[in-house]
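Read off the chains here:
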Amino acid sequence: QVQLVESGGGLVRARGSLTLSCVASESTSSADVIGWSRQAPGKQRGVIAHIEDNGSRDYADSVKGRFTISRDNTKNTVYLQMNDLKPEDTAVYYCYFVSSRGIFWGQGTQVTVSS
């Protein structure tokens, strides 16, 4: 079982920035994939950014150019730098970790963007 703890959410104005952090209970370098997803009220959860074990990164079109995912394996932490935030980015943001043992999720952190 991999434990994931997100932090860094909050209330921000449109065009502002936030950085989310996710600390894993084991080495992030052991993940096949580690990333972020989000779920807005009344909508399904969707992946917005991830890093694969080879270091390649991918983003959902809705956040490309505004969000940046990174990881620090020495701290077992993955980050999501979010710039130029929009009201439609309001959601609960979840970190996830994929390995041969399964998919593990954090508890989520709320991000609210006011117009």
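Let me sum up the structure you'll find in this document. (Residues numbered from 1 in each chain as written. Predicted model: local features only at pLDDT ≥ 70, side-chain atom pairs only at ≥ 80, totals over all residues. Heavy atoms only, no water.)

Once that is clear, we can look at the overall build of the protein. The helix and strand tally for the protein stands at zero helices and eleven strands. Start at the N end of the protein and walk to the C end: the helices and strands fall as β-β-β-β-β-β-β-β-β-β-β. Against the 2.2 N^0.38 benchmark of 13 Å for 115 residues, the protein shows a C-alpha radius of gyration of 13 Å, consistent with a compact globule. Seen through its principal axes, the protein has C-alpha atoms that stretch 40 × 25 × 25 Å. Expressed as a percentage of its 115 residues, the buried residues of the protein come to 43%. Of all intrachain contacts in the protein linking residues separated by at least 6 positions in sequence, the fraction that spans at least 24 positions is 55%. When the accessible area of the protein is evaluated, it comes to approximately 5900 Å², of which 47% is carbon and sulfur surface. Mean positive and mean negative side-chain charge positions of the protein (12 and 11 charges, respectively) differ by 7 Å. (Helix = DSSP H or I, 4+ residues; strand = E, 2+ residues; numbered from the N terminus. Rg over C-alpha atoms; globule rule 2.2 N^0.38 Å. Buried < 20%, exposed > 50% of the residue type's maximum accessible area, 1.4 Å probe, protein only. Contact = heavy atoms within 4.5 Å. Areas by Shrake-Rupley, 256 points an atom, 1.4 Å probe, with all protein chains shown as cover. Lys, Arg positive; Asp, Glu negative; His and termini not counted. Charge placed at Lys NZ, Arg CZ, Asp CG, Glu CD.)

In this structure the tally under the stated criterion is one aromatic pair. Between the NZ or CZ atom of Arg45 and the centre of the ring of Tyr94, over which it lies, the distance is 3.6 Å. The ring of Trp105 carries the charged tip of Arg45 above its face, separated from the ring centre by 4.6 Å. (Phe/Tyr/Trp six-rings, centres within 6.5 Å; stacked < 30°, edge-to-face > 60°. Lys NZ or Arg CZ within 6 Å of the ring centre and 35° of its normal.)

Turning our attention to the pattern of salt bridges. Overall, the coordinates contain four salt bridges when judged by the stated rule. With a closest N to O distance of 2.9 Å, Arg38 and Asp89 form a salt bridge. Highlighted residues: Arg38 in strand β4 (residues 33–39) and Asp89 in the loop between β8 (77–82) and β9 (91–99), separated in sequence by 51 residues. When its relative accessible area of 1% is taken as the criterion, Asp89 is described as buried. The partner of Asp61 in a salt bridge is Lys64, and the shortest N-O contact between them spans 3.3 Å. Residue Asp61 is classed as exposed on the basis of its relative accessible area of 66%. (Salt bridge = Lys/Arg side-chain N within 4 Å of Asp/Glu carboxyl O.)

A grouping of Asp32, Glu52, Asp53 and Asp58 is seen on the molecular surface, where their side chains present a negatively charged patch. Residue position: Glu52 is located in strand β5 (residues 46–52). (Patch = residues over 30% accessible without salt bridge, like charges linked within 9 Å, V, L, I, M, F, W, Y side chains within 5 Å.)

Turning our eyes to something else, we now look at the nonpolar core. By size, the foremost hydrophobic cluster in this structure holds 30 residues, and its most contacted members are Trp36, Leu80, Met82 and Tyr93. Counting only elements with at least two residues in this core, the list comes to β3 (18–24), β4, β5, β7 (67–72), β8, β9 and β11 (109–114). (Core = buried A, V, L, I, M, F, W, Y, C linked by side-chain atoms within 4.5 Å.)

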